[in-house]
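Commentary on secondary and tertiary structure
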Amino acid sequence: DKGEYRHFMAKEIHEQPEVVGRTLAHYVDMAEGRVVLPEALPLDFANLSRVYITACGTAFYAGLVARYWFEQIARLPVEIDVASEARYREAPLEKNGLTLVISQSGETADTLASMRYAKGQGQHTLSVVNVPTSTIARESSVVMPTLAGPEIGVASTKAFSCQLTVLLCLAIAAGRARGTLDAAGERRLIDGLIKAPGLMAEALAHEPAIEGLAREVAKARDVLYLGRGTSYPMALEGALKLKEISYIHAEGYAAGELKHGPIALIDESVPVIVIAPHDAVFEKTVSNMQEVAARGGRIVLIGDAEGAAEHGLDTLATFTMPALDPVVAPIVYAVPIQLLAYHTAVTMGKDVDQPRNLAKSVTVE
Ligand code: F6R
């Protein structure tokens, strides 16, 4: 039931404050300011030398964000690959190590196969899945469910933000176990995290302005998305979301890679969506924005007031997200990224819930 919404995708975007809140309540002891994993893991994070992550599409991008979190918060090295490669690479995985698989449906053929490969190598498997009765949930050693509820729109939205939420909780738990995060540090991160649902609601309030910008983006043939740090996988996700429902060619790049090729594409016809909260790498991203501006590129900044006051450049549009702990930025910034793809596709008259050539659950490789 779409309720008051025109499409399931719109409904699912708007449900995010609620479902992220529900997922958080499941993994966080709010009073203690502490992550509580519902199931005992059959392994100790303190003894792990690395974690392997495998997934497809949007779930893979959630894994790419998590790589920054595991490395920065828990000093835990991460190896990550798309499942369609991971299953055939014949990577040597150490016995009793950890493979983390991420999947909304829990039925994606490549993700399942890469999980089975890891099991065959003697790895423990931890799945972050949205469908608790799915094959991946059943076959993994431990399940950490995302509590997004059924996701009907083919483009993943609320499952993605819930995956990020679970993965950040897991990285926090890993940091505690590895002694890289003390109780005060954990409480600070939890304080940031429990604000996320309210901040997502604030982000949703930008919808009318994003809809206005979507009419411009709908005229473009190509769109570039740029970001650094955790905003880099968010740029990849933004580009995927736009291309899969609007059929506009879009590419996500690490902002620092701009000068290594994609800068050749920049002119006034290519909107450049820059995802840049005011974090440790913001200044570096500004220098990339300057390169874009110098070539007549039209910049759309998804950032915050602090950054907007600092960069001094003309933009086609600026969306000012609420101030937040940069660690949780991906969860909140998912909202404007999804809204832009949604409204661009709707403006173009596309079927956003059932885009051509795509299936909700990819059970063949
Ligand atoms: C993009 C999208 C796909 C899925 C991918 C993995 O919006 O929905 O890229 O993320 O097919 O699907 P799951 O998460 O079900 O394994």
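Structural data are supplied above this passage.
The paragraphs below set out a description of the structure included in this document. From a predicted model like this one, the values you see are computed outputs, not experimental measurements.

Counting its regular elements, the protein chain contains 14 helices and 12 strands. Since a compact globule built from 365 residues should have a radius of gyration of about 21 Å, the 20 Å found for the protein chain is in line with a globular shape. Taken along the three principal axes of its C-alpha coordinates, the protein chain extends 55 × 45 × 45 Å. Relative to its 365 residues, the protein chain shows a buried fraction of 58%. In the protein chain, the proportion of contacts linking residues at least 24 apart, taken out of those at least 6 apart, comes to 77%. In the form shown here, the protein chain has an accessible surface area of approximately 14300 Å², with 50% of it arising from carbon and sulfur atoms. Placing the 33 positive and 44 negative side-chain charges of the protein chain at their respective mean positions leaves the two points 3 Å apart.

This part takes up the pattern of salt bridges. Two side chains of opposite charge can pair, provided their charged atoms sit close to one another. Scanning the entire structure with this criterion turns up 16 salt bridges. Between Arg176 and Glu186 there is a salt bridge, with the nearest N and O atoms lying 2.7 Å from each other. Of this pair, Arg176 sits in helix α7 (residues 158–178) while Glu186 sits in helix α8 (residues 183–194), placing them 10 residues apart in sequence. Residues joined by salt bridges that share partners form a network here, namely Lys11, Glu15 and Lys158.

The terminal C-alpha atoms of α8 lie 16 Å apart, and with 12 residues this matches the ideal 16 Å at 1.5 Å per residue to within 8%. Listed in full, the buried residues belonging to α8 are Gly185, Glu186, Leu189, Ile190, Gly192 and Leu193. Along the axis of α8, the buried positions cluster into a sector of 160°, meaning they face one direction only. Of the exposed residues in α8, the ones pointing more than 90 degrees away from its buried face are Ala183 and Arg188.

Scanning the model with the defined rule gives two cavities of 30 Å³ or more in all. Taken as a whole, the largest cavity holds about 130 Å³ of empty space. When contributions to the lining of the largest cavity are tallied by element, the ones reaching two or more residues are β3 (51–55), β4 (78–82) and α5 (109–120). Along the lines of polarity and charge, the residues of the lining of the largest cavity split into eight nonpolar, three polar and three charged. Each pocket or cavity is described by its volume, and for the second largest cavity that value is around 30 Å³. Every residue along the wall of the second largest cavity is listed here: Arg228, Ser231, Ile275, Ala276, Pro277, Asp279, Val281, Phe282 and Thr285. Residues of the lining of the second largest cavity, tallied by class, amount to five nonpolar, two polar and two charged.

We now examine the layout of surface pockets. When its volume is computed, the largest pocket comes out at roughly 500 Å³. Looking at the largest pocket, it is lined by 24 residues, and the ones nearest its centre are Cys56, Gly57, Thr58, Lys360 and Val362. The set of elements that each furnish at least two residues to the lining of the largest pocket consists of α3 (57–74), β5 (98–103), α5 and α11 (231–246). When the residues that make up the lining of the largest pocket are grouped by side-chain class, the tally is 10 nonpolar, 10 polar and four charged.

For the structure shown, the criterion picks out one aromatic pair. If you follow Arg356 out to its NZ or CZ, it ends over the ring of Tyr247, 3.8 Å from the centre.

A few words on the sheet that holds strand β11 (residues 298–304). Reading across from one edge, β9-β8-β10-β11-β12 is the order of the five strands in this open sheet, with parallel pairing throughout. Every other strand in the sheet has two partners, leaving β9 (249–254) and β12 (317–321) as the edge strands with one partner each. The mean angle between the axes of side-by-side strands here comes to 15°, regardless of whether they run parallel or antiparallel. Where strand β10 (residues 271–275) meets β11, five bridges bridge the pair, whose relative direction is parallel. Of the residues in β11, the one forming a bridge with Pro271 is Arg298. Strands in contact with helix α10 (residues 207–217) are β8 (222–227), β11 and β12; relative to β12, the strand with the most contacts, it is inclined by about 145°.

Here we take up the site of the ligand. Among the 14 residues in the neighbourhood of the ligand, the closest are listed as Ser103, Gln104, Ser105, Thr108 and Glu244. Here an oxygen atom of the ligand sits 2.7 Å away from a polar atom, N or O, in the side chain of Ser105. Side-chain polar atom of Glu244 to an oxygen atom of the ligand: 2.5 Å apart, as the coordinates give it. Bound to the protein, the ligand loses 89% of the 410 Å² it would expose on its own. Because more than half of its atoms lie within 2 Å of the grid, the ligand is assigned to the largest pocket. If you list the elements that add at least two residues to the shell around the ligand, you get α3 and α11.

Rules behind the numbers
- Residues numbered from 1 in each chain as written.
- Predicted model: local features only at pLDDT ≥ 70, side-chain atom pairs only at ≥ 80, totals over all residues.
- Heavy atoms only, no water.
- Helix = DSSP H or I, 4+ residues; strand = E, 2+ residues; numbered from the N terminus.
- Rg over C-alpha atoms; globule rule 2.2 N^0.38 Å.
- Buried < 20%, exposed > 50% of the residue type's maximum accessible area, 1.4 Å probe, protein only.
- Contact = heavy atoms within 4.5 Å.
- Areas by Shrake-Rupley, 256 points an atom, 1.4 Å probe, with all protein chains shown as cover.
- Lys, Arg positive; Asp, Glu negative; His and termini not counted.
- Charge placed at Lys NZ, Arg CZ, Asp CG, Glu CD.
- Salt bridge = Lys/Arg side-chain N within 4 Å of Asp/Glu carboxyl O.
- Expected span 1.5 Å × (residues − 1).
- Arc of directions from axis to C-beta.
- 1 Å grid on protein atoms, 1.4 Å probe; cavity = no way out; pocket = protein on both sides within 12 Å on 5 of 7 lines; lining within 4 Å.
- Points joined across faces, edges and corners; volume = space filled by probe spheres on them.
- Nonpolar A, V, L, I, M, F, W, Y, C, P; charged D, E, K, R; others polar.
- Phe/Tyr/Trp six-rings, centres within 6.5 Å; stacked < 30°, edge-to-face > 60°.
- Lys NZ or Arg CZ within 6 Å of the ring centre and 35° of its normal.
- Pairing = 2+ DSSP bridges.
- Axes fitted to C-alpha atoms, helices over the stretch in contact; angles between N-to-C directions.
- Near = heavy atom within 4 Å.
- Polar contact = N/O pair within 3.5 Å; in protein donor to acceptor, adjacent residues only side chain to side chain.
- Sits in = over half its atoms within 2 Å of the grid points.

Treat this as a map of the structure, not an account of what it does.
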